[in-house]
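# Commentary on secondary and tertiary structure
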Amino acid sequence: MAKLGYARVAARKDTLEKQVVVLKEYGCNKIFTDDHTTKNNDRSGLKAMLEYAREGDVVIVLKLDRLARSIQDLQQITDELKERQIDFISLTQNIDTSSENGDAVFNWIDIFADFEREVHSDRIRSGIDNAREKGVKLGRSEADIELKEKAYDMYRAGDHTMRDIVDATGLSRATIYRYIEKKKVAEKSV
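For clarity, every value in this text was computed on a predicted model and none was experimentally measured.

Per the secondary structure count, the chain includes 8 helices and 5 strands. Counting from the amino terminus, helix and strand elements in the chain follow one another as β-α-β-α-β-α-α-β-β-α-α-α-α. Scaling as 2.2 N^0.38, a compact globule of 190 residues should have a C-alpha radius of gyration of about 16 Å, whereas the chain reaches 27 Å, well beyond that. On the principal axes, the C-alpha backbone points of the chain span a range of 80 × 35 × 35 Å. Scored against the burial criterion, the 190 residues of the chain give a buried share of 32%. Put simply, 64% of the contacts in the chain that link residues at least 6 apart link residues at least 24 apart. Carbon and sulfur atoms provide 49% of the accessible area of the chain, an area that totals close to 12700 Å². With 33 positive and 35 negative side-chain charges, the chain shows a separation of 5 Å between the mean positions of the two kinds.

Below you can see the structure in the form of structure tokens.
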């Protein structure tokens, strides 16, 4: 069984030193780090730690927010650990999945992740409903019908390239082609 530490800088003024010292004092055999903050999920230290970890190992962090950036992120990581039978310890929050109540910790993380998703979804639906009540049109706006007709006329004339039509109308190729197809279907049904 290996004790694998993971440390991550969460803010510009944050450093890895304190985390690494605490993880070494706790007895971590190997420590993986990510020493920069990024908005994307390119955490090479975390990826390396997850690839290195084997069944029976323990992943140890100083705080939960060093392992994950959101409840969903935490759920994804801990689900992988649980599936691979790797235990998890967060020192500050006193979480230890190898304890008697270890499975309960994983279950609570799942419950909170589901709760956060539902709250987020409810907020979005509420915002959409409020906008509709105020008369806001949602979705992409319909391109000016006159421009579409101009594009169609230019296309039918046959002496304009698609580039000419795009330049003349400001419409995208996709919009023009969709409108042309729509007009062709309408003309066939007449």
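In this section: the side chain of Arg8. When you line up the elements, Arg8 lands in strand 1 (residues 3–8). One buried charged side chain, Arg8, makes no salt bridge at all; its nearest oppositely charged neighbour is Asp65, positioned 6.0 Å away. A distance of 3.1 Å separates a polar side-chain atom of Arg8 from the backbone oxygen of Arg66.

Together, Trp108, Ile111, Phe112 and Phe115 give the surface a local cluster of nonpolar side chains, amounting to about 450 Å² of exposed area. Considering the arrangement of structural elements, one finds Trp108 in helix 5 (residues 102–133).

Quick notes on the rules
Residues numbered from 1 in each chain as written. Predicted model: local features only at pLDDT ≥ 70, side-chain atom pairs only at ≥ 80, totals over all residues. Heavy atoms only, no water. Helix = DSSP H or I, 4+ residues; strand = E, 2+ residues; numbered from the N terminus. Rg over C-alpha atoms; globule rule 2.2 N^0.38 Å. Buried < 20%, exposed > 50% of the residue type's maximum accessible area, 1.4 Å probe, protein only. Contact = heavy atoms within 4.5 Å. Areas by Shrake-Rupley, 256 points an atom, 1.4 Å probe, with all protein chains shown as cover. Lys, Arg positive; Asp, Glu negative; His and termini not counted. Charge placed at Lys NZ, Arg CZ, Asp CG, Glu CD. Salt bridge = Lys/Arg side-chain N within 4 Å of Asp/Glu carboxyl O. Polar contact = N/O pair within 3.5 Å; in protein donor to acceptor, adjacent residues only side chain to side chain. Patch = residues over 30% accessible without salt bridge, like charges linked within 9 Å, V, L, I, M, F, W, Y side chains within 5 Å.

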